[in-house]
Amino acid sequence: MKTFKLGATTQSIHAQSMASKLCLSALTLAILFSLTGCDGDDGSDGAGGTQGAAGVAGTNGTNGTDGANGSDGVDGADGSAGFAAATFILANNGADNAGTIDLIDQNAAKLKTFNSGANEGVAFDGLGNLVQASDSGNGALSTVCQVLSRADGTMFDSNRDRTITGSNTSLVNPKGIHVSTKRGLIFIADFNAVQITVFGATAAGDTAPLASTVTDAKPWDVTYDDSNDRLYVALTNGDVTVYDNYVDGGFVAMPTRTITPSNEAGEKISVNLHGIVYDANTNKLVLSDVGSASDATDGALFVIDNASLADGNTVVARSIAGPASMLGNPVDISLTGSDLRVAEKSNDAVLVFSNIFSGASGDISPDSVTPTIKPESITETVMHNDMADVSDSYLANMPLMGIAVSSNPAAAGPTTGQISRLNAPLTSELGSYNASQTIESVTFDKAGNSYTTFDNSTTSVGGIVISNKVAMHRDGEVFSLSQDSIISGANTGLISPKGLDVASDRGLIFVAENNATTPGILVFSTCTTGDASPLITLTPSNSARPWDVDYDVATDRAFVALTNGTIAVFDEVNSKLMAGMSTITGEDRLITPATAGAAFPAPTNLHGIDYDPLSDSLIVSDVGSAADATDGKLFVLNNAGTSSGLSNVSVNIAGPATMLGNPVDIMFTGNHLFVAEKSNGLVMRFDNILNSPSGDIAANLSYSFTAPESVAILPTWLNR
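Okay, so let's go over this structure. (Residues numbered from 1 in each chain as written. Predicted model: local features only at pLDDT ≥ 70, side-chain atom pairs only at ≥ 80, totals over all residues. Heavy atoms only, no water.)

## Examining the nonpolar core
When a protein is soluble and globular, its nonpolar side chains tend to lie buried together.
At step 1: Counting 35 residues, the largest nonpolar core has Ile403, Phe444 and Ile713 as its most contacted members.
At step 2: Elements with a minimum of two residues in this core: β26 (400-407), β27 (418-422), β29 (439-444), β48 (663-668), β49 (673-677) and β52 (708-715).
At step 3: Other than its neighbours up to four places away in sequence, Ile713 contacts Val390, Met398, Leu400, Gly402, Ile403, Met667, Phe668, Thr669 and Phe674.
At step 4: With 20 residues, the next largest nonpolar core counts Leu538, Val560, Ala568 and Val573 among its residues. (Core = buried A, V, L, I, M, F, W, Y, C linked by side-chain atoms within 4.5 Å. Buried < 20%, exposed > 50% of the residue type's maximum accessible area, 1.4 Å probe, protein only. Helix = DSSP H or I, 4+ residues; strand = E, 2+ residues; numbered from the N terminus. Contact = heavy atoms within 4.5 Å.)

Quick look at the structure:
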């Protein structure tokens, strides 16, 4: 694929032409000088002397003076400025490439291709997953998990990815989309449905939308201002409708105002708006207008200033249109800083206009033109959140906005299925959400979505409930297919799942499956749904049954707490998965907690486990006998990365004052340890756990809670 960089204006092209002519004239003069006078002629030889017996030779004349150098040529025009390094996803929608997406660089050079099966608008969620609309068959919305790490030429996989589609979705012809990472919502411009359709970011299957808003004309694209809860919709009648307080107002039905791009005379100049982007830093909108879909020359770009207050016929701050612009059907746009990339469908190109907010209006040439076949949508790739997952304590003391606790009483009651948020000092409850299952363990990804295991002893059916934004919102709400999803079914192998861990940047869920027949660690994609198969299974030796698992991304290692009192360690888990392995049989190492070189006496029954990469320590909880409300323990083991066999614990907390009976789950903040103590109905905090003395030590904080089954910390950065 070739990239052509053009001058910013036709005048600059003329200037470059004149400069070239001057360079040629100077070069011609230099050549003439070299032929006629570059070096002086040699002087005449001197006359010979009279020949004598040994005649004396005559002397040569002096050389002539060198000719003057030719004058310097005129400098050439400066080349176009380079673009900042970046990557983009380009959706294709031609006769031969519909359903594919290309990963391209800042110059639109293709890096790899993926078959998503979808053909319309593209956007990224906050976890690095691609969301794409499709209208090639039934209306659909797909989520492709960790698309940037997928191999070239691979395709959509239902064991990794998910789709929203079906009659209940109301999707007809979804075009442009926008993902709100702050609210966990996907806004869809559904063209022939003449509406904006909204789903929760973790929804899947044939589910009704969370909300729908009928528009004044057919919409093509949408953008959302997260900070101010403001929705902008590009309509194909040339208008932009604006909805203030859209989500908090209950998905308001009527627009607050309408923006109509106009000229200095106040006359409407927009015809058929398609692409729309909002720049929060400058409060500007950029719009693309395809004009007539059958005309490859009448496209345009508009810049609207003061977008948050603009209303009615609004004089555009800048407009670009005309033959030099190459704008025919600019179906989608993406803004990176002040560089605007355009998916120009009718002229089969990706165009780049630098400094889109400044400069004259008119027939402006793009700064870059890259030929490509029928581009439909373009978006910049999103870097992953740079924080560690909530279970990975890479800070010495993680600032917290709260603690999440799941409730699992023996007999169903008011708190069954409940995930509560407590404040960090453990003095009050902040809110709760009901997962509508008999839930076990809960944890969170870096977007604040919850992952909760559940089981049903009557049906022997287990699963994972994935719920949207439970860490920050959803107070008083219950599970809803419009926002949430479930992994469950015969293919999953989930029968009695217990503890779990999420590796957000790798798109993986690690689940401790505790059933007696097929125990193991089942690893699923964070994006899959329904009756999906595990991507890989880790099977401990001797049919040992796991209760909890902690996966460390940095070392690619899974630590598994087993109910026989040992810890299984599996190395290079993701590497083996990427190499094509689907089963790992037998751990790489087995650690047995010990004191004075001897294993702890029975009953030993490890449950909670958390690895601290900063100190290379493992913290584990031992419930002892499940029927004894006094024999629980907490252990710290050093050198966990290399330990094997009997390993003496450095901290051993146990005894009546500890109130440890059945400490079923734990989570470490980098300093303090939170404990879900089920038999005594407490959530507790043990401070400075790694350096704590051993013995019968009371918790520093405690909070009464009904049948706490698991605990997870909620760092403050989740809410940014």
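Structure shown, so let's carry the discussion forward.
## Brief notes about unusual backbone geometry
For residues besides glycine, phi is generally negative; the peptide bonds are generally trans as well.
At step 1: Cis geometry marks the peptide bond from Ala602 to Pro603; its omega dihedral reads 0 degrees.
At step 2: Here Pro603 shows up in the loop between β42 (598-599) and β43 (606-612).
At step 3: Residue Met326 is not a glycine yet carries a positive backbone phi of 65 degrees.
At step 4: Position of Met326 among the secondary structure elements: in the loop between β20 (318-321) and β21 (330-336).
At step 5: Looking at Met326, the relative accessible area reads 26%, which means it is partly exposed.
At step 6: Despite not being glycine, Asn639 has its phi angle at roughly 55 degrees, a positive value.
At step 7: Structurally, the position occupied by Asn639 is in the loop between β45 (633-637) and β46 (645-648).

## Quick notes on the pairing of strand β37 (residues 546-552)
At step 1: When you tally the buried positions in β37, you get seven out of seven residues, the bulk of the element.
At step 2: Relative to strand β38 (residues 557-562), β37 runs antiparallel, the two being bridged by six bridges. Across the sheet, Asp552 pairs through a bridge with Arg557, a residue of β38.
At step 3: Taking the residues between adjacent antiparallel strands as the criterion, β37 and β38 are bridged by four residues, where Asp556 takes a positive phi near 55 degrees. (Pairing = 2+ DSSP bridges.)

## Considering the sheet that holds strand β32 (residues 485-488)
Where strands meet in a sheet, backbone hydrogen bonds hold them as pairs that are either parallel or antiparallel.
At step 1: Strand order in the open sheet made by the four strands is β29-β30-β31-β32, with antiparallel pairing throughout. Every interior strand has two partners, whereas the edge strands, β29 and β32, have only one. Recorded for the sheet is a direction-independent mean angle of 20 degrees between the axes of neighbouring strands.
At step 2: With seven bridges connecting them, strand β30 (residues 450-456) and strand β31 (residues 461-467) associate as antiparallel partners. In the sheet register, Tyr451 faces β31, and the bridge partner there is Ile466. (Axes fitted to C-alpha atoms, helices over the stretch in contact; angles between N-to-C directions.)

## Side note on the pairing of strand β35 (residues 520-525)
At step 1: In terms of residue burial, β35 counts as a mostly covered element, since six of its six residues are buried.
At step 2: By the alternation rule, side chains of β35 split into Gly520, Leu522 and Phe524 and Ile521, Val523 and Ser525, which are all buried.
At step 3: Bridge count between strand β34 (residues 508-513) and β35: six bridges; the pairing is antiparallel. Residue pairing in the sheet places Glu513 in a bridge with Gly520 of β35.
At step 4: Between β34 and β35, which follow one another and run antiparallel, lie six residues.
At step 5: Inspection of the sheet shows β35 paired to strand β36 (residues 536-539) by three bridges, in the antiparallel sense. The residue bridging Leu522 from the neighbouring strand is Thr537, located in β36.

Purely geometric numbers; function is a separate question.
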